[in-house]
Amino acid sequence: MSFLPSSLRQPSALPGFGLALGFTLAALSLIVLIPLAALVLRAASIGPADFFAIARDPRTLAALRLSFGTALIAALVNTVFGLLIAWVLVRYRFPGRRIIDAAVDLPFALPTAVAGISMAAIYAPNGPIGSIAQQFGLKIAYTPLGIVLALVFIGLPFVVRTVQPVLEEVESDIEEASALLGASRLRTVFQVVLPHVYPALLTGFALAFARGVGEYGSVIFIAGNIPLVSEIAPLLIVIKLEEFDYGGATVIATLMLAISFAMLFLINAIQGWSRTKHGNV
Amino acid sequence: MAMSDRFLPLSHHPERATSETAPTKAVLIAVAGLFLGAILFFPLVTVFIEALRKGWGTLFGTFADPDTLAAIRLTLLVAAIAVPFNAAVGLAASWAIAKFEFRGKNLLLTLIDLPFSISPVISGLVYVLLFGAQGWLGPWLDQHNIHIIFAVPGIVLATVLVTFPFVARELIPLMQSQGTSEEEAALMLGASGWYTFLKVTLPNVKWALLYGVLLCNARAMGEFGAVSVVSGHIRGLTNTMPLHIEILYNDYNFVGAFAVASLLAGLALVTLLAKTFLEWRFAGELAATSRRH
Amino acid sequence: MRLLTRRSLALGAAALFLSFEAAQALADRTLLNVSYDPTREFYKDFNAAFAADWKAKTGETVTIEQSHGGSGKQARAVIDGLQADVVTLALAGDIDQIAAKTDKLPKDWASKLPNNSAPYTSTIVFVVRKGNPKGIKDWNDLVKDGVQVITPNPKTSGGARWNYLAAWAYAEKATGGDEAKTKQWVADLYRNVPVLDTGARGSTTTFAQRGIGDVLISWENEAFLVQKEFGADNFDIVVPSLSIKAEPPVAVVEGNAKAKGNLDVAEAYLKFLYSPEGQKLAARNFFRPVDPSSADPADLARFPKIDLVSIDKDFGGWTKAQNEFFADGAIFDQIYKPTN
């Protein structure tokens, strides 16, 4: 069954390696790799000159900048508040803690389109928050700010859920030692506790960022979709597709794909590095 | 990990310097609560308020509509295919990755994770490029009268791609932490490979598996971007629930859109409840899972 | 317990699949009409009328399935394999694209039915908020500072292309045919657009439901529908001094209809659009019927008189207009180049 030479793996007493790996690779190839290869081939077939012309088009660049920029801001917001929420959930006991703990996963469970129409209803100029914001001259829905809010919603659980288990494992003796040595609480937290959490925080940030860059369902309902201003890269792909411009769609998709792949590799590298360094992630 | 639930809370420690002062705590909890309230609770509550804007009658009227029923049926069908398939892939992948050492393992892990970070729009686009009438296999499929894009198979494929890593990502870390000693013992005692897998490995990971299946199912039923690209939006035929929300929204039927949305939101709440129960009941067995998705 | 779960899962999946199949087998014939955005309400009425008519004539039950979206997007879906029996799109250019990129439609599709295969026409008007607070009377009010204009993306929406051409026609007249000035005028117009939706319906929702913008450039039928759905006491319709005669055409996608054995019913379906009943329903749903004689006079009385330019006479037909304005890198794209 195994079509891989046995020298590829170290000897093991367990059976089923060939079957398990074979099935995994077959499914991975059929569902993921071949379709993605079709995309890259299609993008490559239009030639380097046209490829770079599309890639350097101001509208493409603006869309990519918007997608990456808003995802970056949202991921940063989530890093700060995600860490705070994880800290509160791990360290404190208070009524409603379990509900909050469970609610953090809501964005994983709630379909993005549902979140999108709901947030559009809230932040539109005639919505409950949008109308208040407008009195202060602030527009939320249909601006990049609306996109950031949608991405904060999408990305929050990634940070909380990566940081939480690590925070739970930080031993309290190091804090006691630090306190006994005369460090202030603030100093103990920032110089003794948090360094343990940084790799997990970085992973959570990267996951939230990666998810935010590609997000579509929740954003299109709340973004203004104006070229150069509030048109995200995934929407530009859809628009290019809808105007028969397959070349344009595939080039932008390939660019995003390459960046996603690089990001994932980075995340896995961070995890591998911190596993060897701290023995956990 | 999760032990702090059962052991002494840190605040009971006599050394106050290892905890924050009570006012600081209160402020931090309040900030966390307000943030979650604004970002998470508010949109959720809005869905139900908008759905009930015209009363229960209109809400139930939406669910009596044949197009809505067809959308619900299609969503269930897609999940019923995508979730078991990805559960099987997840089990196979975690067996190979967690129980064996081989070259290229990190690359394989990254590739399994890839669908998770690519835009859902791209997940739909790739199948249009493959199976669309203008795509690589399009002309051949057309000749043989096989329809994938703008039909149910395309929707299933796009959903499978989007939810591909969900089960695997829950199982791999757990199985890695469990090692291979139990399986080796069973084999030494004369059990067959399959028997060992079914009676030793599977019971050890069953809760993590269920956990992965829950998340996979939630995403499969809620996927919008990928499915939107391959659906064709034919009412009663290729509309899943999230797409039906968009259609009702564009029909000026806002109450209807939020009614279907409230059904999906209800499903999300049930998922969260089940998940919370699993975590509470089987904290130890789930502990190694990194809880990422 | 595990086996039980798995078995019930399999059973559930099988039951689902069967019920799905059963739902499909219920109807004798199914016809797929791929249409553009603001025809949702019209085809809902029309499909019921046609199904009754077909049943009376042949005894067959026919179910019409509908798909709606931006016209360009819908054409693209048909090109990519959406199995439409008939297309009822916003403009001839989109059906031309299907004919050009597939062999499912003859190139001379427009000659198959009367009036260039357009059974109803419409035009472009403005919708403003009640009392017209910004005092919008004509096109030149749309380029003023501080006026927010809602219109969809001409690249994906058919209605948006009619909007664009109507604006262009006005600007051309106002600037005495100076192309550079006309271009600048249209660019100024689009600079006032805060949300660019992919379909006409999305724009209407943005304007009416979400309360964005001061004026919506809209299909006439969509404008009336806004008043009907959101209350005439909330919105006013403003008729500009000049607009365009929009002719949304229909065609049988012969390749698909033949393969599905639907050619007869597809042809009958489109012919029924030209029948007295079809024309009457079109007028009731705010489309201007090509044969007003059978429409309800009260419905007809709602349509205002407007000076209309024509795509064929004033813009040289859709192929030319498409290349000149909406193709990749053409005038519309130049508007959205960051110049300053």
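Residues numbered from 1 in each chain as written. Chains lettered and ligands numbered in written order. Predicted model: local features only at pLDDT ≥ 70, side-chain atom pairs only at ≥ 80, totals over all residues. Heavy atoms only, no water.

## What about the overall build of chain C?
- Looking only at helices and strands, chain C features 16 helices and 11 strands.
- Reported as C-alpha extents along the three principal axes, the dimensions of chain C are approximately 70 × 60 × 45 Å.
- Put simply, chain C has 340 residues, and 59% of those count as buried.
- Residue pairs at least 24 apart in sequence account for 74% of intrachain contacts in chain C once pairs closer than 6 positions are excluded.
- Of the roughly 13,200 Å² of accessible surface on chain C, a fraction of 54% belongs to carbon and sulfur atoms.
- Each charge sign in chain C was given a centre, from 40 positive and 42 negative side chains, and these centres are 4 Å apart. (Helix = DSSP H or I, 4+ residues; strand = E, 2+ residues; numbered from the N terminus. Buried < 20%, exposed > 50% of the residue type's maximum accessible area, 1.4 Å probe, protein only. Contact = heavy atoms within 4.5 Å. Areas by Shrake-Rupley, 256 points an atom, 1.4 Å probe, with all protein chains shown as cover. Lys, Arg positive; Asp, Glu negative; His and termini not counted. Charge placed at Lys NZ, Arg CZ, Asp CG, Glu CD.)

## What about the interface of chain B and chain A?
- At the junction of the two partners, chain B supplies 105 residues and chain A supplies 107 residues.
- Both faces considered, chain B and chain A share a buried interface measuring about 9,400 Å² in area, 76% of it formed by carbon and sulfur atoms.
- The interface formed by chain B and chain A includes 2 salt bridges.
- As a salt-bridge pair, A:Arg185 and B:Glu20 come within 2.7 Å of each other at their nearest N and O atoms. (Buried area = accessible area lost by both parts, 1.4 Å probe. Salt bridge = Lys/Arg side-chain N within 4 Å of Asp/Glu carboxyl O.)

## Thoughts on the confidence of the model for chain A
- Across chain A, pLDDT averages 87, with 94% of residues at or above 70.
- Here residues 1-7 of chain A is a poorly scored stretch, pLDDT under 50, and it has 7 contacts once near neighbours within four places are set aside; other chains count. (pLDDT = per-residue confidence, 0-100.)

## Thoughts on a nonpolar patch on the surface
- On the surface, a nonpolar cluster with roughly 350 Å² of combined accessible area is contributed by A:Ile99, B:Phe41, B:Val45 and B:Ile49.
- Among the elements that make up the nonpolar patch, the one with the highest residue count is helix α1 (residues 22-51) of chain B (3 residues).
- Note on placement: A:Ile99 falls in helix α4 (residues 97-103). (Patch = residues over 30% accessible without salt bridge, like charges linked within 9 Å, V, L, I, M, F, W, Y side chains within 5 Å.)

## Focus on the environment of C:Tyr336
- Position of C:Tyr336 among the secondary structure elements: in the segment after α16 (331-335).
- Overall, the relative accessible area of 11% leaves C:Tyr336 in the buried class.
- Taking C-alpha positions, C:Tyr336 is 8.9 Å from C:Arg191, a pair spaced 145 residues apart along the chain.
- In this structure C:Tyr336 touches A:Ile226, A:Pro227, A:Leu228, C:Tyr190 and C:Leu196, once residues within four positions along its chain are discounted.

## Focus: the packing of helix α6 (residues 158-174) of chain C against helix α7 (residues 179-191) of chain C
All names here are of chain C.
- Taken N-terminus to C-terminus, the directions of α6 and α7 make an angle of 135 degrees; their axes are 9 Å apart at the nearest point. On the basis of their axis angle, the class for α6 and α7 is oblique. Remark: the crossing between α6 and α7 carries right-handed chirality. Here Ala160, Tyr164, Ala167, Trp168, Tyr170, Ala171 and Glu172 of α6 lie close against α7, whose contacting residues are Thr182, Lys183, Trp185, Val186, Leu189 and Tyr190.
- Counted by class, the contact of α6 with α7 contains 10 nonpolar, 1 polar and 2 charged residues. (Axes fitted to C-alpha atoms, helices over the stretch in contact; angles between N-to-C directions. Parallel < 35°, antiparallel > 145°, perpendicular 65-115°, else oblique. Left-handed = near helix turned anticlockwise from the far one by under 90°. Nonpolar A, V, L, I, M, F, W, Y, C, P; charged D, E, K, R; others polar.)

## Notes on the interface of chain C and chain B
- Facing 37 residues of chain C, the contacting portion of chain B comprises 27 residues.
- A buried area of about 2,900 Å², summed over both sides, lies between chain C and chain B, and 60% of it is on carbon and sulfur atoms.
- Counting every contact that joins chain C to chain B gives 1 salt bridge.
- For C:Arg40, the salt bridge goes to B:Asp251, with nearest N and O atoms at 2.7 Å.
- If you look at where chain C meets chain B, you find 10 residue pairs in polar contact (both at pLDDT 80 or more).
- Among the elements of the structure, α1 (2-25), α2 (40-58), β2 (62-69), α3 (71-79), α8 (200-209) and α9 (220-230) of chain C are those that each provide at least two residues to the side of chain C that touches chain B.
- Considering every element that reaches the side of chain C that touches chain B, the biggest residue donor is α1(C), with 8 residues.
- Taken together, the residues that form the side of chain C that touches chain B break down as 12 nonpolar, 12 polar and 13 charged. (Polar contact = N/O pair within 3.5 Å; in protein donor to acceptor, adjacent residues only side chain to side chain.)

## Brief notes about the sheet that holds β2(C)
Residue and element names in this part refer to chain C.
- If you walk across this open sheet you meet the 4 strands as β2-β1-β3-β9, and the pairing is mixed. The outermost strands of the open sheet, each flanked by one partner alone, are β2 and β9 (250-252). The average undirected angle you get between the axes of adjacent strands in this sheet is 20 degrees.
- Relative to strand β3 (residues 86-88), strand β1 (residues 29-36) runs parallel, the two being bridged by 3 bridges. Opposite Ser35, over in β3, you have Thr88 as the bridge partner.
- Docked against the sheet, α2 engages β1, β2, β3 and β9, running at close to 165 degrees with respect to β2. (Pairing = 2+ DSSP bridges.)

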